[in-house]
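One-letter residues, chain by chain:
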Amino acid sequence: MNNFSSPTIVEEKLGELDCLRVRTAFSEALIARQGGHLMSFQHHGQPALVWLSETAALERGQAIRGGVPVCWPWFGDLARSPQAVQRMYQGSDAPFHGMVRALDWQMQDPVIDGDKVVLTFQLLLPQGLPHWPHPSELRLRLSIGEHLDMNLQTRNLGQAPLALTQALHTYFAVSDSREVRLGGFDGLSYLDALEEWQERRQEGDIRFTSETDRIYLGVGPRLTIDDPGWQRRIHLHTRQSHSAIVWNPWIEKAHRLANFPDDAWQRMLCIETARVGEADVLVIAPGGSHDMGVEIRVESR
């Protein structure tokens, strides 16, 4: 606890972006209105939990490196998405990770609920998006307090089924990516993007020893990050998500990434709460909606 007797919300301009800084008795978070993007989250007196690149471009229309980008209505390369998702797009060059990360979302009135702040961002798309003519509505709810909870709701406003993949692309801060262990993946199958998308099976906890880019399948609702350097365990409790992406660029790729310090691979990793792949593609009936979310808690070791 600290001296904040009640939660506060302060508007800030960072670079070209309109942002909000939320402080509660337990934590502080930074959110950009563009993309409804949670940029960072940290408990007072503790290392960051959600990592933001020190060289992130804070420019209008540009994706932010770090935090929690919203990947929607597809994750990654559209050409690798299920055929049902590819057919929804009518253009030629599809942007990586979909089309909503750099759009302006509308923020609803904040809600202060005891010792936490709840922010809701809306993206209303009555005509769909360029080359994606599917009326939809997105709502991203961020609950900030002792714990961090994120929920992404998609509503199909059209007259035909809506097929998509999606992810809450969470960058976690760690003391040293080479020392952490990721739990909850033992025995799961995964697709290895670095090995021509071959399907493999995880044995034991995940350890990082080289570049890692995997889609895990049939993922359960409880995952962990054990970080001995910072003597903490991060607990992820996911909702309506049956796949997860685990990513760390390692040394060589870090040199090629934009807005990414050369040594930052040591200080971060991604576990992305997702609905991706043929087995976990999301299809929403006309008038229907779907919620996907994750609660993140920290336990001192």
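Just so it is clear, the model here is predicted, and its values are computed rather than measured. (Residues numbered from 1 in each chain as written. Predicted model: local features only at pLDDT ≥ 70, side-chain atom pairs only at ≥ 80, totals over all residues. Heavy atoms only, no water.)

Student: Describe the environment of D77, listing the residues and the values that go with them.
Tutor: Tracing the chain through its elements places D77 in the loop between β6 (70-71) and α1 (83-86). D77 gets classed as partly exposed once you look at its relative accessible area, which sits at 37%. Put simply, D77 and A94 are 17 residues apart on the chain and 7.8 Å apart in space, counted from C-alpha to C-alpha. In this structure the side chain of D77 is engaged in a polar contact, spanning 3.0 Å, whose partner is the backbone nitrogen of A79. (Helix = DSSP H or I, 4+ residues; strand = E, 2+ residues; numbered from the N terminus. Buried < 20%, exposed > 50% of the residue type's maximum accessible area, 1.4 Å probe, protein only. Polar contact = N/O pair within 3.5 Å; in protein donor to acceptor, adjacent residues only side chain to side chain.)

Student: Give a description of the state of the cysteines that names residues and reports values.
Tutor: Inspection of the entire model under this criterion finds zero disulfides. Its sulfur unpaired, C19 is 19 Å from the next cysteine sulfur, which belongs to C71. Its relative accessible area of 1% is what places C19 among the buried residues. Note on C71: no disulfide assigned, nearest cysteine sulfur contributed by C270 at a separation of 9.4 Å. (Disulfide = S-S within 2.5 Å.)

Student: Could you give me a rundown of the layout of surface pockets, with the residues and numbers involved?
Tutor: Over the atoms, a rolling probe the size of a water molecule traces out where space has been left empty. The calculated volume of the largest pocket comes to roughly 760 Å³. Along its surface, the largest pocket is lined by 37 residues, and F75, G76, D77, F96 and H97 are the ones closest to its centre. At the level of elements, α1, β18 (212-217) and β21 (243-248) are the ones that each hand at least two residues to the lining of the largest pocket. Looking at which element gives the most residues to the lining of the largest pocket, the answer is β18, with three residues. Partitioning the lining of the largest pocket into residue classes produces 19 nonpolar, nine polar and nine charged. When its volume is computed, the second largest pocket comes out at roughly 270 Å³. As for the second largest pocket, its lining consists of 15 residues, and the residues nearest its centre are H43, H44, Q46, V298 and S300. No other element matches the three residues that strand β24 (residues 289-300) contributes to the lining of the second largest pocket. (1 Å grid on protein atoms, 1.4 Å probe; cavity = no way out; pocket = protein on both sides within 12 Å on 5 of 7 lines; lining within 4 Å. Points joined across faces, edges and corners; volume = space filled by probe spheres on them. Nonpolar A, V, L, I, M, F, W, Y, C, P; charged D, E, K, R; others polar.)

Student: I'd like to hear about the nonpolar core, residue by residue, with values.
Tutor: Of all hydrophobic cores here, the largest spans 75 residues; its most connected members are W72, F185 and I225. Ranked by residue count, the leading element in this core is strand β9 (residues 116-125), at five residues. (Core = buried A, V, L, I, M, F, W, Y, C linked by side-chain atoms within 4.5 Å.)

Student: Pulling in residues and values, what's your account of the pairing of strand β10 (residues 136-144)?
Tutor: Here β10 lies mainly inside the structure; seven of its nine residues are buried. Taken together, the nine bridges between β9 and β10 define a ladder with antiparallel strand orientation. The partner of Q122 across the bridge, within β10, is R139. Pairing between β10 and strand β11 (residues 148-156): nine bridges, direction antiparallel. Of the residues in β11, the one forming a bridge with R141 is N151. Here β10 folds back onto β11 in antiparallel fashion, the turn holding three residues. (Pairing = 2+ DSSP bridges.)

Bear in mind that shape data such as this cannot, by itself, settle questions of function.
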